[in-house]
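An overview of the molecular structure
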Amino acid sequence: MIFSVRNPTTRSFDAGRACVQLEGVSKSYGATKAVVGLTVTIGQGEFFSLLGPSGCGKTTILRLIAGLERPENGTVSIGGETVASSETWVLPEKRGIGIVFQDYALFPHMSVAHNIAFGLKGFRKEQVGNRVEELLALTGLSSLAKRYPHELSGGQRQRVALARSLAPRPRVILLDEPFSNLDAALREELRKETKRILKEQGATTILVTHDQEEAFSLSDRVGVLRDGKLEQLGSPVDIYHRPHCRFVANFVGKADFIEGTVEGRTVHCAFGSFPLTSLQNPVSKQVELMVRPDDVGFFPDATGQAIITEVRFFGASVQYQLQLEDGRIIHAIRPSAEILPVGSRVNIKVDASQVVVFPKD
Amino acid sequence: MLLTKIKQHGQGLRSLPMLPFLLVALVVLPVLVVGSALLTPTQEVWTHLWRTLLPVMMGNTLLLVLGVGTGTLILGVSLAWLVTAYRFPGRGLLEWLLVLPMAVPAYVQGYVYMATFDTAGPVQTALRPHFTDMGWFPEIRSGIGAILVMTLVLYPYVYLLARAAFRETSGALLEAARTMGHSPTMVFFRVVLPLARPSIVAGVALAIMEALADFATVRFFNFPTLSDGVIRVWHGMMDLRAASELAGLLALVALVVLLLEHAMRGRSRYFQTGGKAPRIAAVPLVGWRGWMALAGSLLVVAVAFVLPAGQLLAWTLQELPRQPPGTLAVYAELARNSIVLSALAAFFATLTALLIASGIRLSSSRVAFVLGRLATSGYAMTGAVIAVGIMVPLSAFDHALNNFLLQVRGVDVGLVLTGSVVGLVYAYVVRFIANSFSSIDASLEKITPNIIAAARVLGASPWRLLWQIKFPLILPGMLAGATLVFADVMKELPITMMLRPFGQDTLAIWVWQMAAESLWSGASLPALIIVLVGLLPVVFLVRLGNIKN
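Residues numbered from 1 in each chain as written. Chains lettered and ligands numbered in written order. Predicted model: local features only at pLDDT ≥ 70, side-chain atom pairs only at ≥ 80, totals over all residues. Heavy atoms only, no water.

When you go through chain B residue by residue, the secondary structure sums to 23 helices and 2 strands. Computed over the C-alpha atoms, the radius of gyration of chain B is 25 Å, within 12% of the 24 Å expected from 2.2 N^0.38 for a compact globule of 549 residues. Counting only residues that meet the buried cut, chain B has 52% of its 549 residues in that class. A separation threshold of at least 6 residues defines the contact pool for chain B, and within that pool the share at least 24 residues apart is 81%. Approximately 25,800 Å² of chain B is accessible, and the part contributed by carbon and sulfur atoms is 69%. If you average the places of the 37 positive and of the 23 negative side-chain charges in chain B, the two averages end up 16 Å apart. (Helix = DSSP H or I, 4+ residues; strand = E, 2+ residues; numbered from the N terminus. Rg over C-alpha atoms; globule rule 2.2 N^0.38 Å. Buried < 20%, exposed > 50% of the residue type's maximum accessible area, 1.4 Å probe, protein only. Contact = heavy atoms within 4.5 Å. Areas by Shrake-Rupley, 256 points an atom, 1.4 Å probe, with all protein chains shown as cover. Lys, Arg positive; Asp, Glu negative; His and termini not counted. Charge placed at Lys NZ, Arg CZ, Asp CG, Glu CD.)

A word on the overall build of chain A. The number of helices and strands found in chain A is 8 helices and 20 strands. When the backbone C-alpha atoms are referred to their principal axes, chain A occupies close to 80 × 45 × 40 Å. Here chain A holds 361 residues, and 51% of them are scored as buried. The long-range share in chain A, meaning contacts at least 24 apart out of those at least 6 apart in sequence, stands at 66%. In the form shown here, chain A has an accessible surface area of approximately 16,400 Å², with 50% of it arising from carbon and sulfur atoms. Charge centroids of chain A, computed over 42 positive and 40 negative side chains, lie 5 Å from each other.

Next up on the list: the packing of helix α17 (residues 383-408) of chain B against helix α18 (residues 421-446) of chain B. All names here are of chain B. Closest axis-to-axis distance for the α17/α18 pair is 10 Å, and the angle between their directions is 135 degrees. Taken together, α17 and α18 sit at an angle that is classed as oblique. Here α17 and α18 pass one another in a crossing that is right-handed. On α18, the residues touching Gly383, Ile386, Ile390 and Leu394 of α17 are Gly423, Tyr426, Ala427, Val430 and Arg431. (Axes fitted to C-alpha atoms, helices over the stretch in contact; angles between N-to-C directions. Parallel < 35°, antiparallel > 145°, perpendicular 65-115°, else oblique. Left-handed = near helix turned anticlockwise from the far one by under 90°.)

Residue and element names in this part refer to chain B. The interhelical angle for the contact between helix α4 (residues 54-85) and helix α10 (residues 184-213), taken along N-to-C directions, is 135 degrees, at an axis separation of 9 Å. Our classification of the angle between α4 and α10 gives oblique. Between α4 and α10 lies a crossing of right-handed hand. On α10, the residues that touch Thr61, Leu64, Val65, Val68, Gly69, Thr72, Leu73, Val77 and Trp81 of α4 are Phe188, Val192, Leu193, Ile200, Val204, Ala207, Ile208, Ala211 and Leu212. Along the lines of polarity and charge, the residues of the contact of α4 with α10 split into 15 nonpolar, 3 polar and no charged. (Nonpolar A, V, L, I, M, F, W, Y, C, P; charged D, E, K, R; others polar.)

A few words now on the packing of aromatic side chains. Summed over the entire model, instances satisfying the criterion amount to 17 aromatic pairs over all chains. Relative to Trp512(B), the ring of Phe215(B) lies with its centre 5.1 Å away and its plane at 70 degrees, an arrangement referred to as edge-to-face. Here Phe215(B) is found in the loop between α10 and α11 (216-220), whereas its partner Trp512(B) is found in helix α22 (residues 507-516), with 297 residues between them in sequence. Under the relative-accessibility criterion, Phe215(B) is labelled buried at 1%. Judged by centre distance (5.6 Å) and plane angle (35 degrees), the rings of Phe220(B) and Trp512(B) are tilted. Highlighted residues: Phe220(B) in helix α11 and Trp512(B) in helix α22, separated in sequence by 292 residues. One exposure class covers both Phe220(B) and Trp512(B), and it is buried. Ring-pair connections join several aromatic residues into one group, and the members of that group are Trp81(B), Phe166(B), Phe188(B) and Phe189(B). Over the ring of Tyr240(A) we find Arg292(A), and its NZ or CZ is 4.2 Å from the ring centre. Positioned over the ring face of Phe118(A) is Arg464(B), at 4.0 Å from the centre of the ring. (Phe/Tyr/Trp six-rings, centres within 6.5 Å; stacked < 30°, edge-to-face > 60°. Lys NZ or Arg CZ within 6 Å of the ring centre and 35° of its normal.)

With that out of the way, let us pick up the sheet that holds strand β18 (residues 329-335) of chain A. Residues and elements named next belong to chain A. With antiparallel pairing, 5 strands are arranged side by side in an open sheet as β15-β19-β16-β17-β18. Looking at which strands have only one partner, the edges of the open sheet turn out to be β15 (296-300) and β18. In this sheet, neighbouring strand axes are inclined to one another by 40 degrees on average, regardless of whether the strands run parallel or antiparallel. In terms of strand pairing, strand β16 (residues 306-313) meets strand β17 (residues 317-324) through 7 bridges, oriented antiparallel. The partner of Ile308 across the bridge, within β17, is Leu322. (Pairing = 2+ DSSP bridges.)

Moving on, we get to the side chain of Thr376(B). Residue and element names in this part refer to chain B. Considering the arrangement of structural elements, one finds Thr376 in the loop between α16 (365-375) and α17. In terms of polar contacts, Thr376 uses its side chain to reach the backbone carbonyl oxygen of Gly372, at 3.0 Å. With sequence-adjacent residues up to four places away left out, Thr376 is seen in contact with Ala434 and Phe437. (Polar contact = N/O pair within 3.5 Å; in protein donor to acceptor, adjacent residues only side chain to side chain.)

Side chains carrying opposite charge are able to pair once their charged atoms draw close together. Residues and elements named next belong to chain A. In this structure the tally under the stated criterion is 26 salt bridges over all chains. Across the salt bridge formed by Arg171 and Glu81, the nearest N and O atoms sit 3.4 Å from each other. You can see Arg171 sitting in the loop between α4 (154-166) and β7 (172-176) and its partner Glu81 sitting in strand β5 (residues 81-84), a full 90 residues away along the chain. The exposure class of Arg171 is partly exposed, given its relative accessible area of 31%. (Salt bridge = Lys/Arg side-chain N within 4 Å of Asp/Glu carboxyl O.)

Right, let's get into the confidence of the model for chain A. For chain A, per-residue confidence averages 87 on the pLDDT scale, and residues scoring 70 or more make up 93% of the total. With pLDDT under 50 throughout, residues 1-11 of chain A is counted as low confidence; its partners more than four residues away or in other chains account for 14 contacts. (pLDDT = per-residue confidence, 0-100.)

This is the structure:
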C-alpha cells in the first residue's frame, strides 16, 4: 500500500527499512471482526499511530504484533523475521518488543527498580544495575527507584511503564493509549517527555489512540481505522486536510459538508466555485464539499448571506455558528481579538485551496 | 498449561474446566445429600419428631434468629456509626478493640457467663447472704441468656461490614441531603442507612448463620434449637436417616435466611458514585458527650471480651497449680490434635480454593460466577448439616468397599473412611472454604491479563511467570485465607463432635465436655488458647480495614 503523500514534517525515520510488517492480517472474536485484511508497513525508527474510535480494533492490532493474539489470516513480521503466519508462531517473549499498557500493568509487588529490571534477564548484575540507572535518569525517576507502584502518581507510573518496556532495548515499542488515564495538563507534558525519551532511544514506536491531537502531534504517520479496516494512511497533515472519506474527515476534526456540483475540473456551491486539486477525482456529478471551520472566513456585511446564530468563546479562539438564508449551517473559527455578536449579518469567504469533495451518497 | 492456554486463545477455543467442576461437585455434595433427604421424608421420623422435640426446637430457632438478628443489628450498626461519624477520646483504639469479641466462640462466652451468673456462680453466691429469697435474680439458663451471649460475640460481623459501608459512603451525599433540608438524624435514616443496607444485611445474615450453627451454647442455656436437635438425634438415636432429614430442615432455614438476605440487598448493591468522594466528616463530641461515647463503647468491649478473657485467665492461674500431674500432657495432646486438624483443613481448603478459583477463570463469567457461589455455599450451611451430609455418602462408600473386598478377597477391612480424619477434614473444607476462596479470588483479581502480558513480552518464561509474578501475588491471599480457616477449625465444635475419629479430642471438644459437666475451671486453659488463636483472624480483619483506607 503506497501513498503519494506530501509530508511537510521532516522524516526522522528510515522508511525504506521495514521494521514491522502486517500483510492481510485478520482476527475475529466470535462473530465480531476485530481486524480485517490489514496490510501496513512501519519503518525503522518511525513513530506510527493507529487512530480510531473505541472498538475499531486498534488494540487488537497491537496485541497481534506483540503475539498476545494469533491472527487467523495473514502474516506479521518484525525486523524482517516472520513472527506469525499460518506456519510460524513466535511466542511473545521471543519477539523483542516492549509494551506500555493503558493501565500500565506494573508489577504491584516489585519496586520501581525491580519493575524496570524485570526484562533484563541473562545480563550480569552490574550491567542490569547500570541499565536500570540509565533508564531511571532518562525518565527522571532516579529518586523513586525504591518506591512501589501504589506509592506513585499516575504520571510517574506511566514513566515507569515506559522505562520498563525500553529496558531490554526492544525492536519496537507499542503504546496502548498510555496517556488516557492522565489529566489534561499532565497528559500534554508526558506526551512531549515520552516523545523525547523514545527519540533518544531511537525506538520504532506504534501508538494506539482515539485522540487525534495526540496522534497528530506525536507521529510521523497516522493510520485511521474503522471497523478493523484501515481507512487512510498518511502524514498528520494529509489526514487532516485531505481525508479520503467522510468518516476520516469527521473523526479527525470538526467539518461541515456542503452540497456542490462538479463541472469539468470545477466545483460549484453556495460559497462560489473552486478548482479541483489533482488528488480529487469525484466519481459523481453531485458532491459534498468538506469545509473545516478554520478555512471559513467572514466579514461583517449588512447585505451578507449569513447571520451569526451562536458564539462560543474558547479563549484563544472563538467558534461561530453561521446560518445561511436557506437554513444551512456552517461553522467558523476566528482569533478572539475581535468578537462579533450574535445576530450580526456577515459575508462568508471559504479558502479554496483546502476544499475537499466527496461523492454525495 | 500456559502454552495450551495461549494456543486455545489463539484458536478461539474454550476449554471446559473439568477439575473445578469436580471439586465444586464434591463441595456441594453434602448439601445435596441432606436436601434430598428432606425431599424424601420418612413418616415415622417426622411423627416422632413432631410429638417430641420439633415444635419446641422450631420455636426456639425462630426466637434465636430474631433475637440475635435484632441484637447484632442494633449493637453493630450503632457502634459502627459512632466510630465513623463522631470524634471522641480513644476512638482510634476503640475502632479495633470493638472487633475483639469475635475471637471468643459463643460456647466459651456462654460457659463463662453461665459459670459467673448461675445459681452456684460467684455473683449469686456473693449476693445470697444479703437476701432471704434469690427468686428475683433472672434465670440465666434461658433463651434470653443465649441470645444476649451470642449477640455479644456476633455483633462484630455487623459492626465490621457496616463500618466499611459507612466509610465508603460519600460525605458529599450527606451534605447534599443537608442542603435539601434534612436534619442529621433524618440524613442518617434516609440516606446513610439505605446506602449501607446491603452490607448491614450481609453482616446480620452472617451473624444469624453462626447462631443457627451453634448447638453448644443453646444447650448450656437449655434452649434447644434445630442444630442441637440434629446432634441429639445423631448421638441419642444413632439414626442417620432421621438426623439427615432434620439436617435438611435446618438447611432449609439457612436457605430462607440467605434468600431473605438476597431480597433485602436489592439492586442498590450495584450503585456506587464514581470518583474520589470525600469521606463523611466526623463530628467532634466535646465534653461529657465524648466521655459518654468512650464509656459506652468500653462497656461493650469489657462485657464482650475483657470479662470472659479475664475470667478464663484468672481460672487458669488459680487452677493450674492444683491440677493433678499429667494434666498439662493431656492439654498438650489436645492442642496437638487441634493444631494438626486445623493445619490439615487450612492446607486442603487453600489448595482446593486455589484450584477452583484459578480454574473457573478460564470459563465464561456466568459459569464462573455460579461455580464460585456454589463452592462457597458451605459457609451458609451449619456444621451439623455438613457433618450429616458427609457421613451418609462416606458410610455408603465404606460399606460398598467392604462388601466388595469381602466378596472378592475375603478380607474385612471395616469402615475405612467413616470416622477417619479424611471425613473430618473434608467436612472442614466444605464448611470453611469460603474464607480461603474469597481471599484467593481477590488476589487473583490483581493478576490482570495485562500483567501477564507485560511479563511475557518482557521475556518471562512460563516458569518465571509463575514464580516471580503469579505466586508472589497470590501468596498473601493464600496465607490470609489459610489463617482464617485455621482459626475457624480451632474453635469448630459440631463437625468435630460428629465426625472425629474415636478418642481424638480437640481443645474445643474438651471445653465443651468440661463445661457441659459444669467443670468450669478445668476448661479454662484450653478455652483461653482457643480465644488467643481466634485473635489471629481479628488481626487480619483489622489490617484489612486499615489497608482499605
